[in-house]
Amino acid sequence: MPNKKTFIYYEVLVALLVTTLIVSNIASVKLIQIGGIVFDAGTILFPLAYIVGDIITEIYGFKRMRRILYIGLAMLLLTVLTFWVVQILPSPIDWQHQQAYSDILGFVWRIVLASMAAFFIGELFNSYLLAKFKVRTKGKGLWGRLMGSSAIGSLLDTTIFTVLAFGGTVSSAILINIIVTVYVIKMLTELLLSPLTIKIIDYIKNKEKIDTFESPKIF
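Cut-offs used in this document
- Residues numbered from 1 in each chain as written.
- Predicted model: local features only at pLDDT ≥ 70, side-chain atom pairs only at ≥ 80, totals over all residues.
- Heavy atoms only, no water.
- Core = buried A, V, L, I, M, F, W, Y, C linked by side-chain atoms within 4.5 Å.
- Buried < 20%, exposed > 50% of the residue type's maximum accessible area, 1.4 Å probe, protein only.
- Helix = DSSP H or I, 4+ residues; strand = E, 2+ residues; numbered from the N terminus.
- Contact = heavy atoms within 4.5 Å.
- Salt bridge = Lys/Arg side-chain N within 4 Å of Asp/Glu carboxyl O.
- Axes fitted to C-alpha atoms, helices over the stretch in contact; angles between N-to-C directions.
- Parallel < 35°, antiparallel > 145°, perpendicular 65-115°, else oblique.
- Left-handed = near helix turned anticlockwise from the far one by under 90°.
- Nonpolar A, V, L, I, M, F, W, Y, C, P; charged D, E, K, R; others polar.

K.L.:
Outline the nonpolar core, supporting the account with residue identities and numerical values.
P.N.:
Membership of the largest hydrophobic core comes to 41 residues, with the highest contact counts inside it found for Leu17, Ile56, Tyr60 and Phe119. The set of elements that each furnish at least two residues to this core consists of α1 (8–27), α2 (47–60), α3 (62–88), α5 (108–136), α6 (142–166) and α7 (172–208). Tallying contributions element by element places α5 first for this core, with 10 residues. Setting aside chain neighbours within four positions, we find Leu17 in contact with Ala49, Val52, Ile56, Met65, Ile68 and Phe119. Ranked by size, the runner-up nonpolar core spans 13 residues in total, among them Val38, Ala114, Ala118 and Ile178.

And the structure:
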């Protein structure tokens, strides 16, 4: 029986995507303000998740990307459960940082749950549209497909995450500020890195000898 083909770059991309999700969610507990611009700290890294997601979908197909979404969500859930268990476990009397831990990492549960909902919906639509457009265009117009699908996916993700994560903790003005700022940062990041993203896609396609065309189904 022939051995199943192993995709080396695929494994690296999966690890990078899951790591990006976990680290960006932990960082998101902090809000950053530069002048009149406010955004959560996870924004610094999180756009990489969408870029990696685009690369995986374009090369390996929507089915594999959808499976990675479930893996990513499971790892995020494991992260928040670990922080929660650590928080409720008793600490030595002379350890004076319990409140600091609770104030910062104790808030992660809301961030992660918000991110789980936002990323699942946003990335699901992003990957679905990218794969759908690929079939319709017969693989042409990669840059337009990347930017078009990300524009919709990122908007859904940013809006859902911000409302669920920070709603009721900041004013409506700040909430809108965060949504607009984070969305612009994400799209500018994708736009600036799009030439590199396309080169990486072409390189991996040639190395892995794969370019998946499939009619996607969301579920």
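K.L.:
I'd like a rundown of the pattern of salt bridges, residues and numbers included.
P.N.:
Using the criterion set out here, one finds 6 salt bridges in the structure. Residue Lys134 is joined to Asp211 by a salt bridge in which the shortest nitrogen-to-oxygen separation is 2.5 Å. Taken together, the residues Lys134 in helix α5 and Asp211 in the segment after α7 connect sequence positions 77 residues apart. Put simply, Lys205 and Asp211 hold a salt bridge, and the shortest N to O gap is 3.3 Å. Among the residues examined, Lys205 registers a relative accessible area of 15% and is labelled buried.

K.L.:
Can you lay out unusual backbone geometry for me, pointing to particular residues and giving the numbers?
P.N.:
A positive phi angle, near 55°, is found at Lys138, a position not held by glycine. Relative to the helices and strands, Lys138 resides in the loop between α5 and α6. For Lys209, which is not a glycine, the phi torsion comes out positive at approximately 55°. Considering the arrangement of structural elements, one finds Lys209 in the segment after α7.

K.L.:
Tell me what's going on with the packing of α1 against α3, and back it up with residues and numbers.
P.N.:
Put simply, α1 and α3 touch, their axes get as near as 10 Å, and they point 40° apart. Considered as vectors, α1 and α3 are oriented oblique to each other. Considering the relative orientation of α1 and α3, their crossing is right-handed. On α3, the residues touching Tyr10, Val14, Leu17, Val18, Leu21, Ile22, Asn25 and Ile26 of α1 are Arg64, Met65, Arg67, Ile68, Ile71, Gly72, Met75, Leu76, Thr79 and Phe83. The residue inventory of the contact of α1 with α3, partitioned by class, reads 13 nonpolar, 3 polar and 2 charged.

K.L.:
Can you lay out the environment of Ile55 for me, pointing to particular residues and giving the numbers?
P.N.:
Relative to the helices and strands, Ile55 resides in helix α2. For the pair Ile55 and Asp202, spaced 147 residues apart in sequence, the C-alpha to C-alpha distance is 9.7 Å. Here Ile55 is in contact with Leu13, Thr197, Ile200, Ile201 and Ile204, once residues within four sequence places are set aside.

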